[in-house]
Amino acid sequence: MIVSAVFRNVLSFDNEVKIDFLASKSPVRPEQVSRGGRDSFPVLKTSLIFGSNGAGKSNICRCIHFMQCIATGRFHSSYIRPHKLGKEIHDDSYIQMTIKVDNSFYEYSVSFNASSILQESLFKVNLRSRKMVFERKRTSRDSVYSFGTVSGKASNAQFLEFVSKGCPDDESFVNEYVKRNAIGLADITKVHNWFDNKLNVIFTDSKFRSMPVFLNKDKKFAENINNLLCMFNAGAEGIAMIPVDFDKLDITPEKKNRVQNDLKKNPDMMITMVDYDALYFFEMDNNIISCSKEVTLHKNALGKDVPFDLFEESDGTKRLLDFLPMLIDLKENSSVYVIDELDRSMHTLLTRALLNYYFRLLTPEKDAQLICTTHETYLLDDDMLRPDQFWFIRK
């Protein structure tokens, strides 16, 4: 879960800005709060962020995604943008996130520019203490590391020194530690796994690219998707994969050649492809390329299923389809989702129905979390959410 985030000199954030998702002491809707013991941070399981266009809502999502990329070794220098409108322009940006992983809390901080990581630190924290796991500070010549208590043999500490000296300037030590199979600081692995497997950021143009794989290979998933689609009554009766002749496929020759070459190199590979609004699935079947595409199903006047291409669906239905795998995940796991513009293209009642479905999944034991930006003022309803679950961003 995300407890709080701090941004400085990145995108639209100039001076240091902090947003936290801490619950007040109010006893209202206790299922919406993860409280834990007396030293634990009380974390909200749902938060809605409101604001006008250009206020910075989307940049909150982007900064969280930046941090995910840095922690998991996907540091894309071309995406890094310091604040451009201040009195002075500085190169170094800063992001800090406090997160809950299982029953522990961690404060992970990174200072960086477009070419390298300048500082990086991880602390294990709670309401009463702050214990260092590691710190990294870049000097004019190299990076200096400090480590907390290293468990196990003395050789573990020696190997950590070796790994730290080999860590590239544009690579997080969190990712280098996991990549090099280091041991002695298990907290690093826990934090890396959280960023890699638990945190999900959905932007306005995000597509669930794995949908064709799950529809083809997981009958339970396909059944759950179709049940949800019917429940939300968004027009389509279902979703399915139908076979398509690979030779007649309407995609560019370059994309066809890439699929053919990849499957020849690795016949066990499964490939998904997004081509405009179409989603395709490819695999090798007895040395022949098998292809299928995702379609929605509608009932005709005779009650029979008729397939529709995705481009024939409304933007709201397509947006809903990208949210359905999230709802299945949140039902089964303690995952964290950050969504930019939850209400984009969707009717107010559909947005509200999606949130209410998520609320019904919440239990005291599950640390699932949903953080959304939105323009939909109809969601400002204290009959649905606690007052501390609303944030307002101003320019």
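Residues numbered from 1 in each chain as written. Predicted model: local features only at pLDDT ≥ 70, side-chain atom pairs only at ≥ 80, totals over all residues. Heavy atoms only, no water.

## Quick notes on the sheet that holds strand 9 (residues 130-138)
Reasoning step 1: Pairing is antiparallel across the open sheet formed by 7 strands, whose spatial order is 2-1-6-7-8-9-10. A strand with exactly one partner marks an edge of an open sheet, and here the two such strands are strand 2 (17-20) and strand 10 (143-147). If you compare each strand with its neighbour and ignore which way they point, the axes differ by 10° on average.
Reasoning step 2: Bridge analysis of strand 8 (residues 117-125) against strand 9 gives 7 bridges, and the strand direction is antiparallel. Within strand 9, the position partnered with Gln-119 by the bridge is Lys-137.
Reasoning step 3: The strands touched by helix 4 (residues 186-198) are strand 1 (2-8), strand 6 (93-101), strand 7 (104-112), strand 8 and strand 9; relative to strand 6, the strand with the most contacts, the crossing angle is about 100°. (Pairing = 2+ DSSP bridges. Helix = DSSP H or I, 4+ residues; strand = E, 2+ residues; numbered from the N terminus. Axes fitted to C-alpha atoms, helices over the stretch in contact; angles between N-to-C directions. Contact = heavy atoms within 4.5 Å.)

## Notes on the side chain of Arg-319
Reasoning step 1: Looking at where Arg-319 falls in the secondary structure, it is placed in helix 8 (residues 315-332).
Reasoning step 2: An unpaired buried charge is present at Arg-319: no salt bridge exists, and Asp-322, the closest side chain of opposite charge, is 5.7 Å distant.
Reasoning step 3: There is a polar contact of 3.1 Å between the side chain of Arg-319 and the backbone oxygen of Phe-203.
Reasoning step 4: At 2.9 Å, the side chain of Arg-319 forms a polar contact with the backbone oxygen of Asp-340.
Reasoning step 5: With near-sequence residues (within four places) excluded, Arg-319 lies in contact with Ile-202, Phe-203, Thr-204, Ile-339, Asp-340, Glu-341, Leu-342, Arg-344 and Met-346. (Buried < 20%, exposed > 50% of the residue type's maximum accessible area, 1.4 Å probe, protein only. Lys, Arg positive; Asp, Glu negative; His and termini not counted. Salt bridge = Lys/Arg side-chain N within 4 Å of Asp/Glu carboxyl O. Polar contact = N/O pair within 3.5 Å; in protein donor to acceptor, adjacent residues only side chain to side chain.)

## Overview of the pairing of strand 5 (residues 46-51)
Reasoning step 1: With respect to burial, strand 5 is a largely interior element, 6 of its 6 residues being buried.
Reasoning step 2: Side chains Thr-46, Leu-48 and Phe-50 project from strand 5 onto one buried face, and the interleaved Ser-47, Ile-49 and Gly-51 project onto a second face that is buried too.
Reasoning step 3: Direction of pairing for strand 5 relative to strand 18 (residues 369-374): parallel, over a ladder of 5 bridges. Within strand 18, the position partnered with Leu-48 by the bridge is Cys-372.

## Quick word on the environment of Ile-393
Reasoning step 1: Checked against the element boundaries, Ile-393 lands in strand 19 (residues 390-393).
Reasoning step 2: Taking the C-alpha atoms as reference, Ile-393 lies 41 Å from Val-163; in sequence the two are 230 residues apart.
Reasoning step 3: Excluding its chain neighbours within four sequence positions, the residues that come into contact with Ile-393 are Ile-49, Phe-50, Gly-51, Ser-52, Ala-55, Lys-57 and Ile-60.

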